[in-house]
Amino acid sequence: LPTGARVVADGLLLTGMGKALSARPDLELLALVHSPLAREGWGEGVQARERAALAKSTHVVATSDATADELRRLTGRAVEVVVPGTDPAAPLPPGPGHRLLCPAHLIPRKGHQVLLSALDMLGSRRFSLDLVGSLRAHPETAEAVAMWSRARSSHVRLLGEQDQAGMEAAYANADLVMISSHYEAFGMVLTEAVARGRPVLCTPAGATPLLGDAVEVVPRDDARALATALARWLDDPSLRARRVEAAHIAAAALPRWPAQAARLLACFHP
């Protein structure tokens with residue numbers, strides 16, 4: 001890179017680049033951090049390495065307000081916020097209401113066990129569930145979910161990873177999109193769902209301030225609270241209609257990629 005070049009480095013990569021950062025103090029380096037690595041289970045010592053890497057960055061940008069607050073506490077420095085954009089999407093027609101979609105890799109952090117426990121509390125209520133996400137990233141979690149689903153094979157599907165066309169089909173076949181993560185830095189699937197007019201039920205996530213009344217947020221690790229919210233959704237057609245209308249309203253206000261790209265570039269001060 002030429003002397004003084006402007007560089008954007010993803011936070012996932014940056015923490016392992018200590019020697020490279022020390023060798024090039026001339027670079028104007030923007031660290032783009034989606035999630036503090038300690039939140040991702042990277043083990044002991046990662047927080048100190050991340051703090052050191054961010055100290056060598058000229059600018060630090062987070063992709064949500066919650067992540068920015070964590071980084072300010074970690075580093076004691078200014079952190080700007082640029083949330084991810086969302087592609088415009090055609091609104092999907094409303095469905096019968098009972099079709100649930102959980103788009104999340106089957107890994108411990110995504111909290112599938114909480115979701116399954118909540119579904120077990122729904123009694124005789126009718127629902128179907130599509131699980132989209134990697135079945136290989138954490139085989140133990142995938143097998144536990146598969147064992148649960150085999151007893152409910154008539155209305156639970158493990159669809160694995162999907163390409164763009166597969167995701168479009170998954171959203172089209174859903175009425176409610178759910179995430180029960182123990183921690184979710186942003187959650188782009190939430191904005192993608194609302195962009196298509198699909199309401200969201202989730203645990204706290206960086207994307208939720210953008211979603212207005214299209215989202216209901218329940219506490220982390222609280223299967224009963226999740227089950228109660230699900231029961232309200234399944235039992236109340238008027239609530240579903242209000243949330244769908246709110247999704248269409250929120251979709252129109254979601255930030256778009258060109259504007260967010262311009263915001264990111266503006267973080268490089270002249």
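Structural data are supplied above this passage.
Read on for an overview of the structure. (Residues numbered from 1 in each chain as written. Predicted model: local features only at pLDDT ≥ 70, side-chain atom pairs only at ≥ 80, totals over all residues. Heavy atoms only, no water.)

### A short note on the side chain of Ser-35
Looking at the secondary structure, you find Ser-35 in the loop between strand E2 (28–33) and helix H3 (46–55). Under the relative-accessibility criterion, Ser-35 is labelled buried at 8%. Polar contacts involving the side chain of Ser-35 include one to the side chain of Tyr-183, which spans 3.4 Å. Residues contacting Ser-35, with those up to four places away along its chain left out, are Glu-40, Glu-50, Thr-67, Tyr-183 and Ala-185. (Helix = DSSP H or I, 4+ residues; strand = E, 2+ residues; numbered from the N terminus. Buried < 20%, exposed > 50% of the residue type's maximum accessible area, 1.4 Å probe, protein only. Polar contact = N/O pair within 3.5 Å; in protein donor to acceptor, adjacent residues only side chain to side chain. Contact = heavy atoms within 4.5 Å.)

### As for the pairing of E2
By the criterion of burial, E2 is predominantly enclosed, with 6 of the 6 residues buried. Taken together, the 5 bridges between strand E1 (residues 6–10) and E2 define a ladder with parallel strand orientation. Note on E2: the bridge partner recorded for Arg-6 is Glu-28. The sheet contact formed by E2 and strand E3 (residues 59–62) spans 4 bridges and is parallel. (Pairing = 2+ DSSP bridges.)

### What to know about the nonpolar core
Among the nonpolar cores identified, the biggest contains 58 residues, and Leu-119, Leu-129 and Leu-190 are the most heavily contacted of them. Among the elements that take part in this core, helix H9 (residues 223–235) stands out by supplying 9 residues, more than any other. One finds Leu-29, Ala-31, Ala-53 and Val-79 within the second-largest nonpolar core, a separate group that totals 17 residues. (Core = buried A, V, L, I, M, F, W, Y, C linked by side-chain atoms within 4.5 Å.)

### Quick word on the packing of helix H5 (residues 112–120) against helix H6 (residues 139–150)
Between H5 and H6, the shortest axis-to-axis distance is 10 Å and the interhelical angle comes to 15°. Judged on the interaxial angle alone, H6 and H5 are roughly parallel. Handedness of the H5/H6 crossing: left-handed. For the pair H5 and H6, contact is made by His-112, Gln-113, Leu-116, Leu-119 and Asp-120 and by Ala-144, Val-145 and Trp-148, respectively. Of the residues belonging to the contact of H5 with H6, the class tally is 5 nonpolar, 2 polar and 1 charged. (Axes fitted to C-alpha atoms, helices over the stretch in contact; angles between N-to-C directions. Parallel < 35°, antiparallel > 145°, perpendicular 65-115°, else oblique. Left-handed = near helix turned anticlockwise from the far one by under 90°. Nonpolar A, V, L, I, M, F, W, Y, C, P; charged D, E, K, R; others polar.)

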